[in-house]
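# Structure assessment
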Amino acid sequence: MNSHSDWSAVVADIARTSGQSFTLHKVVPVSGGSINTAYRLDGDGRQYFVKINAADRLEMFAAEADGLAEIAAASAMRVPEALVYGADGTNAWLVCEYIAFGARQHRSEEWMGQQLAEMHRHTAAQFGWHRDNTIGATLQRNDRTDNWLEFWREKRLGFQLGLLLERGMGDRLATDVEALGEAMPLFFSGYTPGPSLLHGDLWGGNHGYDEQGQPVIFDPAVYYGDREADLAMTELFGGFGPDFYAAYQATWPLDAGYKQRRMLYNLYHIMNHANLFGGGYLHQAEGMTAQLLAELRQGLSDRHPEKL
Ligand code: ADP
């Protein structure tokens, strides 16, 4: 799709779900996405944000719409309202409220920290979610369970490892990731995570500030899990400042062991990047896994020399 394509099916969806006629006046490309192409649709004094992908990605948009609704229902953070998703023989689309992003104001990061902590206070009975979704373009399995460590080992690290192996990329990583999976409980001694509502893909490029300076998060990969996983990802590629972390800590302090688990959580995203983009990410995942194992050996020799 582009500015000159036939948008009539999307326009009809908008008119039907908004209950108002919609005459398309202008289609403006929106840059910044990594998976989909995005546009702003203008007409009748209204604007909509539309993401486009191939028709077979309709489920991806359905899950994204569900994720946006799940976050909206927690009433802690602003997310774009998902209006409708659909597909024809060629394209799939997700239509959302268009948000005009503004400049970060001096309290914006503080609000982001507070509101994210409040969102994380929204919990479920189990880890996982009622449906699978995608992380980037990769399937993300969310089978519900009471066992967070098993979830992280199998549905996150193990799943990505399986994809890398299918692509003939994970042979060197496999032994170390399996060793890490077995030793994982050592990272969690004295800490019991709860199933918090997570954005799931909270790198800097998935947040912004509206014209009032209020934080907005978008493009989520929602599930219920350890809130440290969201925090870890904010640190992976940067984009969040000291006021954000200070406000998060002031609202709901993190466990002292977070720093030891941070890399374990970010390993998932780096493995996913290796699957999506290849290149140096596989090497980075190998380095992270080796470092985590080295830390475990070091910690074990300090705390439990008899176990080595
Ligand atoms: P992708 O799924 O391809 O990664 P995103 O959801 O990240 O796409 O959206 C691409 C860009 O569009 C974002 O970087 C952001 O700047 C902008 N954007 C996202 N959601 C909205 C929205 N509801 N209104 C206006 N702009 C948006």
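Every value quoted in this text rests on a predicted model; they were computed, and no experiment measured them.

Sheet topology note: the strand S1 (residues 26-30)/strand S2 (residues 37-43) ladder contains 5 bridges and is antiparallel. Among the inter-strand pairings, valine 28 is bridged to a residue of S2, identified as arginine 40. Between S1 and S2, which follow one another and run antiparallel, lie 6 residues, and glycine 32 among them has a positive phi close to 110°.

Right, let's talk about unusual backbone geometry for a bit. For aspartate 44, which is not glycine, the phi torsion reads 50° and is therefore positive. Tracing the chain through its elements places aspartate 44 in the loop between S2 and strand S3 (46-54). By relative accessible area, aspartate 44 is classed as partly exposed at 43%. One non-glycine residue with positive phi stands out, namely aspartate 219, at about 55°. Relative to the elements of secondary structure, aspartate 219 occurs in the loop between strand S10 (215-217) and strand S11 (223-225). For aspartate 219, a relative accessible area of 23% corresponds to the partly exposed category.

Among the 17 residues in the neighbourhood of the ligand, the closest are listed as Asn36, Lys51, Glu97, Ile99 and Asp219. Within the contact set of the ligand, an oxygen atom lies 3.1 Å away from a backbone nitrogen or oxygen of serine 34. Taking lysine 51, its side chain carries an N or O atom lying 2.6 Å from an oxygen atom of the ligand. In the complex, the protein chains occlude 91% of the 550 Å² of accessible area that the ligand would expose alone. The cavity where the ligand resides is the largest pocket. Split into classes, the residues belonging to the shell around the ligand amount to 8 nonpolar, 6 polar and 3 charged. Domain assignment of the residues forming the shell around the ligand places at least three in each of domain 1 (4-97) and domain 2 (108-307).

On to helix H7 (residues 242-251). Along H7, the positions that sit buried rather than exposed are Phe244, Ala247 and Tyr248. One face of H7 carries all of its buried residues, which in axial projection span an arc of 100°. Exposed side of H7, more than 90 degrees from the buried face: Pro242 and Ala250 are the residues found there. Lining the buried residues of H7 we find helix H3 (108-120) and helix H6 (227-236).

This part takes up the pairing of S2. For S2, a buried count of 6 out of 7 residues is recorded, marking the element as mostly surrounded by other parts of the structure. The sheet contact formed by S2 and S3 spans 7 bridges and is antiparallel. In the strand pairing of S3, aspartate 42 is matched with glutamine 47. Connecting the antiparallel pair S2 and S3 is a turn made up of 2 residues, with aspartate 44 showing a positive phi of about 50°.

By the assigned domains, the protein splits into domain 1 (4-97) and domain 2 (108-307). Taken over C-alpha atoms, the centre of domain 1 sits 28 Å from the centre of domain 2. Tallying the contact residues gives 19 residues for domain 1 and 25 residues for domain 2. For the pair domain 1 and domain 2, the summed buried area comes to about 1,900 Å², and 64% of that belongs to carbon and sulfur atoms. It is Glu70, Met77 and Arg78 in domain 1 that bury the most area against domain 2; as a group they hold 31% of the surface buried on that side. Counting every contact that joins domain 1 to domain 2 gives 4 salt bridges. Between aspartate 66 and arginine 131 there is a salt bridge, and its shortest N-O distance comes to 2.9 Å. Taken together, domain 1 and domain 2 are joined by 8 residue pairs in polar contact (both at pLDDT 80 or more). Among the elements that line the side of domain 1 that touches domain 2, the one with the most residues is helix H2 (residues 58-73), at 10 residues. In the side of domain 1 that touches domain 2, the residues fall into 11 nonpolar, 1 polar and 7 charged.

Criteria and thresholds
- Sequence order sets the numbering: in each chain, residues are counted from 1 along the sequence as written.
- Two thresholds apply to this predicted model, a pLDDT of at least 70 for residue-level local features and 80 or more for giving and counting side-chain atom pairs, whereas whole-chain, interface and lining totals are computed over all residues.
- Side-chain metrics rest on all non-hydrogen atoms present in the structure, leaving aside hydrogens and water.
- Should DSSP find at least two bridges between two strands, the strands are taken to pair.
- The helix and strand labels rest on DSSP assignments: H or I over at least four residues marks a helix, E over at least two residues marks a strand, and numbering proceeds from the N terminus.
- Each residue's exposure class comes from its accessible area (1.4 Å probe, protein chains only) as a fraction of the maximum for that residue type: buried when under 20%, exposed when over 50%, partly exposed otherwise.
- Nearness here has a simple test: a residue counts as near a molecule or strand if at least one of its heavy atoms is within 4 Å of that partner.
- Polar contacts here mean pairs of N or O atoms no more than 3.5 Å apart (in protein, one a potential hydrogen donor and the other a potential acceptor; neighbouring residues in sequence count only if both atoms are side-chain atoms).
- Using a 1.4 Å probe, accessible areas were evaluated by the Shrake-Rupley method; residue-level cover was limited to the displayed protein chains.
- Grid spacing is 1 Å over the protein atoms alone, the probe is 1.4 Å, and a cavity is where that probe fits but cannot get out, while a pocket is an open set with protein on both sides within 12 Å along at least five of seven lines and lining residues have an atom within 4 Å of a point.
- In this description, a molecule resides in a pocket or cavity if more than half of its atoms sit within 2 Å of the grid points defining it.
- Asp, Glu, Lys and Arg are counted as charged, while Ala, Val, Leu, Ile, Met, Phe, Trp, Tyr, Cys and Pro are counted as nonpolar; the rest, among them Gly, fall into the polar class.
- Marked domain ranges trace back to an automatic or database domain assignment.
- This arc is built from the directions going out from the helix axis to the C-beta atoms.
- By the convention used here, residues are in contact when the closest approach between their heavy atoms is within 4.5 Å.
- Values labelled buried area give the accessible surface lost by two parts on being combined, using a 1.4 Å probe and summing over both.
- Salt-bridge detection follows one rule: a side-chain nitrogen of Lys or Arg within 4 Å of a carboxyl oxygen of Asp or Glu.

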